Amino acid sequence: MAWVLLVVAGLLEVGWSVGMKYTDGFTRLVPSLFTGAGIVASMLLLSYAARSLPIGTAYGVWVGIGAAGAAVVGMVVLGEPATAARIFFVCLLLVAVVGLKATSGH
């Protein structure tokens, strides 16, 4: 169950990190509320997952999912450059996330 919570927390991190683009420096109310709620929910789920997972693994996976997901959303949805180098490094992030999971002992 901790891994499910951690993946959901990572996906919420993608949501709030992309959501910050729409807050206009937290001056727009509705996007700011959704972004803030996403931050809180993501960190709560991370903290629940960290009860039974090693913190280094949990935090690393959470950050990896968030960083890779935000980069992919940026390229696919927001029109950011999708160069071979960017795609390669996103893949490296995903390899690192899988490696952390595989070596966590859980």
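Definitions and cut-offs
- Residues numbered from 1 in each chain as written.
- Predicted model: local features only at pLDDT ≥ 70, side-chain atom pairs only at ≥ 80, totals over all residues.
- Heavy atoms only, no water.
- UniProt positions renumbered as here; feature names shortened; annotations may be inferred.
- Helix = DSSP H or I, 4+ residues; strand = E, 2+ residues; numbered from the N terminus.
- Buried < 20%, exposed > 50% of the residue type's maximum accessible area, 1.4 Å probe, protein only.
- Phe/Tyr/Trp six-rings, centres within 6.5 Å; stacked < 30°, edge-to-face > 60°.
- Core = buried A, V, L, I, M, F, W, Y, C linked by side-chain atoms within 4.5 Å.
- Contact = heavy atoms within 4.5 Å.

If you check an unreviewed UniProt entry, the chain appears there as Molecular chaperone from Streptomyces davaonensis. Per UniProt, the comment on the chain under Subcellular location (unreviewed entry) is "Cell membrane". According to the UniProt record, the Sequence similarities (unreviewed entry) comment for the chain is "Belongs to the drug/metabolite transporter (DMT) superfamily. Small multidrug resistance (SMR) (TC 2.A.7.1) family."

Participant: Looking at this structure, how should I read the overall build of the chain?
Facilitator: Each helix and strand counted, the chain has four helices and zero strands in total. Written out in order from the N terminus, the α and β elements of the chain read α-α-α-α. Counting only C-alpha atoms, the chain reaches 40 × 35 × 15 Å along its principal axes. The buried share among the 106 residues of the chain stands at 33%.

Participant: I'm lost on the packing of aromatic side chains in this one. Help?
Facilitator: The relative placement of two aromatic rings is captured by the distance of their centres and the angle of their planes. Per the counting criterion, the structure on display carries two aromatic pairs. Each ring, one from Y59 and one from W62, has its centre 5.6 Å from the other, and the planes form 40°; the classification is tilted. Within this pair, Y59 and its partner W62 are both found in helix α3 (residues 55–76), separated by three residues, close to a single helical turn. Y59 gets classed as partly exposed once you look at its relative accessible area, which sits at 46%. Residue classification places W62 among the buried residues on the basis of a relative accessible area of 5%.

Participant: Looking at this structure, I do not really get the nonpolar core. What am I missing?
Facilitator: One recurring pattern in soluble globular proteins is that nonpolar side chains are buried together. Residues L6, L53 and V61 are the most contacted members of the largest nonpolar core, which totals 13 residues. In contact with V61, not counting residues within four places along its chain, are W3, L6, V97 and L100.

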